[in-house]
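Each chain, letter by letter, is given below.
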Amino acid sequence: GADGADGAVGEPGPQGEEGVQGEKGPDGDQGATGEAGAQGDEGPQGGDGEKGPGGDQGDVGETGAPGDDANDGAKGEPGQDAEDGEEGEKGTKGSTPWHPETDIIYEEIWDELVSFLDKLISEEFEDIGQDGEEGPEGPEGEQGDMGEDGVNGEDGANGTRGEDGADGVDGDVGPDGADGADGEQGATGDQGPDGADGPQGDDGDVGEDGPDGDEGAEGDQGEAGADGEEGDQGDCGCEKRPLPCPSCDVHVVTRHSQTTEIPECPDGFKALWTGYSLVMLEGNGYSLAQELGSAGSCLEEFQTVPMMQCSGGQVCNHGVRTDKAFYLANEQNPDFTVKPESNLDDLIGFVSRCAVCGGPSKIIARHSFTAEVPECPEGFEEIWEGFSYLMVTSSGASGGGQTLASAGSCLEEFYVPTFVECLGRGTCAYYINNLDYWLAQNPDMTQPGMWGMGNVYSGLDEIMDQGVARCTVCARNTLEL
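Residues numbered from 1 in each chain as written. Predicted model: local features only at pLDDT ≥ 70, side-chain atom pairs only at ≥ 80, totals over all residues. Heavy atoms only, no water.

### Points about the state of the cysteines
No. 1: By the definition in use, this model includes six disulfides.
No. 2: Through a disulfide, cysteine 422 is tied to cysteine 428; the S-S separation comes to 2.0 Å. Because the torsion about its S-S bond is 105 degrees, the bridge between cysteine 422 and cysteine 428 counts as right-handed.
No. 3: Taking relative accessible area as the criterion, cysteine 422 reaches 0% and is therefore assigned buried.
No. 4: Should the bonded cysteines of the chain be numbered as they appear in the sequence, the pairing reads 1-6, 2-5, 3-4, 7-12, 8-11, 9-10. (Disulfide = S-S within 2.5 Å. Buried < 20%, exposed > 50% of the residue type's maximum accessible area, 1.4 Å probe, protein only.)

See the structure below:
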């Protein structure tokens, strides 16, 4: 049926108890849409009434026309809080009013709902009239609550300076101030007169001993003492001596620096003299080589040709034109284009220095015939390592070699040529026809005796890496004899 007009708002009723929830009624049929009634005045809000049992769901009425705007009514008093009622039993699940059948899909339900709403809107809202005239102004409402505090305004401009006030009355005298800081010390006064002599003090402690005086003059020699008793029988000399006594044998080795500096002797050896490294002498086409490990290869004085030629007529000639002397050089890359030098100071700059050393150890040389430095035998220790030097030749049939067991066959530097040639006329120079012979490397061979034949090594790096053999000079450890 059509909706009735709103009734007057009643007085707030007393708070009722919450009733028992009723059972859910069956779904009602959909009713026709009723006309909208006029909107009444809003009455005061009533108190909460008792909760009645749930009624059956009525049919949906037709939409009524909108009523005129009414004035807002006075706000009603809030009702008393009701106590919570007992929770009702869960109702049975209702059926879908549109399609009770559960096998209809949602797309069909949506299509029917859209079609129904389109039809309802086209039938009910096509004759909506224009807006009515504005109603009369309502009565003035009650005064609203006080609004929140506004934002603080900006500071005002500074005011002008006021006039000076009148002089105040003199205050009371204040309490005494704290003591001031001590003043700086005054200047020292004049010295007063000497005081009277005091009584004599006690004796002081004995002072420390003074430093020793200078040594006195040597006294006269005393009388000879009495002969001592005869000592025990001594050990035989040159036999094995107890530790740490070294062997009583003396061995000599010569070391060549191949520089202008005098070399140091090996550990345990003492320098007997130093000099200049002589390799070979040549006279009248014949030569005499000096073993570089012996003392004869280290001349204490330098001469271009340290010999003279004597005939049977008691005549000797020093510096014959054909006489020659060969010295170890100290230049790795000599300049063959330099003219022969004749100034003695300049000549000495070409010659190596040497030292003759004496010590208790036996000296031997060992050659590897490879690019690797060999190790010393058991009981020996290394004193230097070098390159295996064999012999030297000059023009003609002259030449000379080294004993491979001697330290002279193991030179610490590799120079080509190894020596400088000095002539009887007093000059020294490098000559291209002078030849050196070195031991060659002989690595693993596929054809014994054939490896290396015909090979040419060019440049110091290639010669030292692939050509010349290495060696070690070893000294016998005397403590293990």
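So much for the structure itself; the text now carries on.
### Topic: the confidence of the model for the chain
No. 1: Mean pLDDT for the chain: 74, with 62% of residues reaching 70 or above.
No. 2: Every residue in residues 94–100 is under pLDDT 50, and counting partners more than four places away or in other chains gives five contacts. (pLDDT = per-residue confidence, 0-100. Contact = heavy atoms within 4.5 Å.)

### Points about the pairing of strand S3 (residues 286–289)
No. 1: Where strand S2 (residues 270–283) lies against S3, four bridges are found, and the strand directions are antiparallel. When the bridges of S3 are listed, methionine 280 appears paired with alanine 289.
No. 2: Here S2 hands over to S3 after two residues, with asparagine 284 in that stretch at a positive phi of 55 degrees. (Pairing = 2+ DSSP bridges. Helix = DSSP H or I, 4+ residues; strand = E, 2+ residues; numbered from the N terminus.)

### Here we look at empty space enclosed by the protein
No. 1: Tallying each qualifying case throughout the model produces one cavity of 30 Å³ or more.
No. 2: Along the walls of the largest cavity sit Thr254, Arg255, His256, Trp384, Ala407, Cys410, Leu411 and Glu412, which together make up its complete lining.
No. 3: At three residues, strand S1 (residues 251–256) tops the list of elements feeding residues into the lining of the largest cavity.
No. 4: Of the residues assigned to the lining of the largest cavity, the class counts are four nonpolar, two polar and two charged. (1 Å grid on protein atoms, 1.4 Å probe; cavity = no way out; pocket = protein on both sides within 12 Å on 5 of 7 lines; lining within 4 Å. Points joined across faces, edges and corners; volume = space filled by probe spheres on them. Nonpolar A, V, L, I, M, F, W, Y, C, P; charged D, E, K, R; others polar.)

### Description of the packing of aromatic side chains
No. 1: Per the counting criterion, the structure on display carries seven aromatic pairs.
No. 2: Seen in terms of ring centroids, tyrosine 276 and phenylalanine 302 are 5.8 Å apart; in terms of plane orientation they differ by 55 degrees. Their pairing is tilted. Of this pair, tyrosine 276 sits in strand S2 while phenylalanine 302 sits in the loop between strand S4 (298–299) and strand S5 (308–310), and the two are 26 residues apart along the sequence. Side by side, tyrosine 276 and phenylalanine 302 carry an identical accessibility label, which is buried.
No. 3: Measuring from ring centre to ring centre gives 5.9 Å for phenylalanine 350 and tyrosine 430, while their planes differ by 75 degrees; the resulting arrangement is edge-to-face. Here phenylalanine 350, found in the loop between helix H2 (344–348) and strand S8 (353–359), pairs with tyrosine 430, found in the loop between strand S14 (428–429) and strand S15 (435–438); they are 80 residues apart in sequence, far enough to count as distant.
No. 4: Residue phenylalanine 350 is classed as partly exposed on the basis of its relative accessible area of 21%. (Phe/Tyr/Trp six-rings, centres within 6.5 Å; stacked < 30°, edge-to-face > 60°.)

### Remarks on the environment of cysteine 354
No. 1: Locating cysteine 354 in the fold gives a position in strand S8.
No. 2: Each C-alpha atom, one on cysteine 354 and one on serine 297, is 8.5 Å from the other, the two residues being 57 residues apart in sequence.
No. 3: Residues contacting cysteine 354, with those up to four places away along its chain left out, are Thr254, Arg255, His256, Ile262, Pro263, Thr274, Gly275, Tyr276, Ser277, Ser297 and Cys298.

### Thoughts on unusual backbone geometry
A negative phi holds for most residues other than glycine; trans holds for most peptide bonds.
No. 1: Here the amide bond leading from valine 416 into proline 417 is cis, since omega sits at -5 degrees, within 30 degrees of zero.
No. 2: Here proline 417 lies in the loop between strand S12 (410–411) and strand S13 (419–423).
No. 3: Its identity is not glycine, yet asparagine 284 carries a phi of approximately 55 degrees, on the positive side.
No. 4: Relative to the assigned elements, asparagine 284 resides in the loop between S2 and S3.
No. 5: Look at phenylalanine 369: it is not a glycine, yet its phi comes out positive at around 60 degrees.
No. 6: Counting through the fold element by element, phenylalanine 369 comes out in the loop between strand S9 (363–367) and strand S10 (380–393).
No. 7: Using a relative accessible area of 36% as the deciding quantity, one classes phenylalanine 369 as partly exposed.

### Considerations on the pattern of salt bridges
No. 1: Taken as a whole and assessed by the stated rule, the structure comprises three salt bridges.
No. 2: Linking arginine 255 and glutamate 412 is a salt bridge whose minimum nitrogen-to-oxygen distance equals 2.9 Å. Of this pair, arginine 255 sits in strand S1 while glutamate 412 sits in the loop between S12 and S13, placing them 157 residues apart in sequence. (Salt bridge = Lys/Arg side-chain N within 4 Å of Asp/Glu carboxyl O.)

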